[in-house]
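# Breakdown of the fold
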Amino acid sequence: MSLQCGIIGLPNVGKSTLFNCLSSTKAQAANFPFCTIEPNVGVINVPDERLNELAKLVNPSRIVPATVEIVDIAGLVKGASQGEGLGNKFLGNIRECDAIIHVLRCFDDDNVTHVDGQVDPVRDKEIIDYELQLKDLETIESRIGKVQKQAQVGSDKQAKIVYDVLLKYKAALEQGKSARTVALDNKDEEKAAHDLFLLTNKPVMYVCNVDESSAAKGNAYVEAVREAIKDENAELMVVAAKIESEIAEFETAEEREMFLSELGLTESGVNRIIKSAFKLLNLSTFLTAGPLEVRAWTYRSGSKAPVCAGVIHSDFEKGFIRAEVIKYEDYLHYGSEQAVKEAGKMNVEGKDYVVQDGDIMHFRFNV
C-alpha cells in the first residue's frame, strides 16, 4: 500500500534535517533557499514493539515491519500559487501526497537564515496556508463553472451534491480557512469532497522544530502554534531536529535511551512522527506470527476481514471463508497460538468482521 506523507514548510525550517533523521536516504541540508528541488523519497519502517515481543515467543526467521513513504518537498515562498520560486513544482508534489507533515521553525539561531528575517511560526504557517488556499480556490471556482448549470437546472442529483460541497469550500476559503475545517453533512458529500483532491483538505500534522532546551516541554513559539491550529482538526508534535540527527548517530539502543532520558524524553521524536504519520494516513496493522516471519500488514483502518485478507494475496480475498483472530494481549499472556486455542481465546470471524489494529490473523480461503 503505497501512501505518502509530504514534508513541507518554508526554506530553512529543518525539513531536510528531519527527513534525514527519518530516512536512511541522505538529503542535502544547507542554509539557503531551494536546497531541495526534486523531492527526496524515503521508505521508512514503522516502529512497533509488538513485533519484537511476538518474535521472542515465535523465534521467526525474520521480522517484517510496516512501512510508510516520506517525501521531502522543496521549500515554498510567497507567490507559489502564481508560480513564484518553485511554486508549481511544490504544489504538484503536495497534490501527489496523501497527508502533510508541515514543519515550522520554533527556535532562534542567528546562524540559520530566515527567509523573512525573523522567527514567527504562526506567520510562516499562514504564508503556506494562504498559497495552498489560493490554489484550492482556483480549483473550486473552475469546478463551479462546470457544474453550476447542471445543479441548478437539471435533475442530476450528483451534480447538486458536488455543487453544494463546492459552495461550502468556496465560502471557507474566501474567509482564509482551509478546506479541512469544513463540516460535511453525509457520506455523499464526503465522497464528492474526496474527488476534488484539494490541497488544504489533506490531513496535516504540524511539527514544531525547537532547540534542545525546548525538546521536552516546548516553548512560547509552540504555544502560539497550538493556539493558531486549535480549530483545524490537526495534530501537533514537538521535535528538536538537530537533536534527532545526533540520536540517529548512536550505534546502540542503550545509548539512544540514555541520551533521551537526559533530555527528559521517553521516545525519540522520529519514532513519534513515524507512528503519527501512519495514523495520519488512516492506516492500521494486523499481524501474522509463525516460524517463517513475524509481520505487520498495512490496511485502511475500518476494513473488514476479506479486504485485509486481500492485503496478503488477492486469492485470499476472492476465496475468503473465515478469519481466525487472536488478540495480541492474549497471545502474549498464553505464550503460543496452541495455548491460546486451548484457552478458548481464539475467535472465528466471518466477512463482516472489522479488523482491529494489532489483531493476529490467520485466514482460511478456497479458490
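Residues numbered from 1 in each chain as written. Predicted model: local features only at pLDDT ≥ 70, side-chain atom pairs only at ≥ 80, totals over all residues. Heavy atoms only, no water.

## Considerations on a negative patch on the surface
Taken together, Asp108, Asp110, Asp211, Glu212, Glu246 and Glu249 make up a surface patch of like negative charges. Along the chain, Glu246 falls in helix H8 (residues 241-247). Residue Glu246 is classed as partly exposed on the basis of its relative accessible area, which comes to 35%. (Patch = residues over 30% accessible without salt bridge, like charges linked within 9 Å, V, L, I, M, F, W, Y side chains within 5 Å. Areas by Shrake-Rupley, 256 points an atom, 1.4 Å probe, with all protein chains shown as cover. Salt bridge = Lys/Arg side-chain N within 4 Å of Asp/Glu carboxyl O. Lys, Arg positive; Asp, Glu negative; His and termini not counted. Charge placed at Lys NZ, Arg CZ, Asp CG, Glu CD. Helix = DSSP H or I, 4+ residues; strand = E, 2+ residues; numbered from the N terminus. Buried < 20%, exposed > 50% of the residue type's maximum accessible area, 1.4 Å probe, protein only.)

## Some thoughts on the pairing of strand E10 (residues 320-326)
Burial of E10 is extensive: five of the seven residues sit out of reach of the surface. Both E10 and strand E12 (residues 360-365) contribute to a ladder of six bridges, which runs antiparallel. Paired with Ala323 across the two strands is Phe363, which belongs to E12. Pairing analysis gives three bridges linking E10 to strand E11 (residues 347-349), with the strands arranged antiparallel. Opposite Glu324, over in E11, you have Val348 as the bridge partner. (Pairing = 2+ DSSP bridges.)

## Points about unusual backbone geometry
Of note, Asn12 is a non-glycine position whose phi angle comes to about 65°, a positive value. Considering the arrangement of structural elements, one finds Asn12 in the loop between strand E1 (4-8) and helix H1 (15-22). Given the relative accessible area of 12%, Asn12 is considered buried. With a phi close to 60°, Asn282 is a non-glycine residue in the positive phi region. Positionally, Asn282 belongs in the loop between helix H10 (269-280) and strand E8 (283-289).

## Quick notes on the packing of helix H4 (residues 121-153) against helix H5 (residues 157-174)
One can describe the packing of H4 onto H5 by two numbers: an axis separation of 9 Å at closest approach and a directional angle of 145°. Here H4 and H5 pass one another in a crossing that is left-handed. Across the interface between the two elements, Gln133, Asp136, Leu137, Ile140, Glu141, Arg143, Ile144, Val147, Gln148, Gln150, Ala151 and Gln152 of H4 pack against Ala159, Lys160, Val162, Tyr163, Leu166, Leu167, Tyr169, Lys170, Leu173 and Glu174 of H5. Here the contact of H4 with H5 is composed, by residue class, of 12 nonpolar, four polar and six charged. (Axes fitted to C-alpha atoms, helices over the stretch in contact; angles between N-to-C directions. Left-handed = near helix turned anticlockwise from the far one by under 90°. Contact = heavy atoms within 4.5 Å. Nonpolar A, V, L, I, M, F, W, Y, C, P; charged D, E, K, R; others polar.)

## Let's talk about the environment of Gly350
Topologically, Gly350 is positioned in the loop between E11 and E12. Spatially, the C-alpha atoms of Gly350 and Arg322 are 5.0 Å apart, while their sequence positions differ by 28 residues. Setting aside residues no more than four positions away along its own chain, Gly350 makes contact with Ala305 and Phe320.

## Considering the sheet that holds strand E5 (residues 99-105)
Strand order across the open sheet formed by six strands is E2-E4-E1-E5-E6-E7, with mixed pairing between neighbours. Each end of this open sheet is capped by a strand with a single partner; those strands are strand E2 (40-45) and strand E7 (235-239). Strand-to-strand twist across the sheet, computed as the mean angle between neighbouring axes with direction ignored, equals 25°. As paired elements, E2 and strand E4 (residues 67-72) share six bridges and run antiparallel to each other. The partner of Asn40 across the bridge, within E4, is Asp72. Its contacts with the sheet put H1 on E1, E2, E4, E5, strand E6 (204-209) and E7, and the angle it makes with E4 is roughly 155°. Where helix H7 (residues 220-228) meets the sheet, it contacts E5, E6 and E7, and its direction lies at approximately 170° from that of E7.

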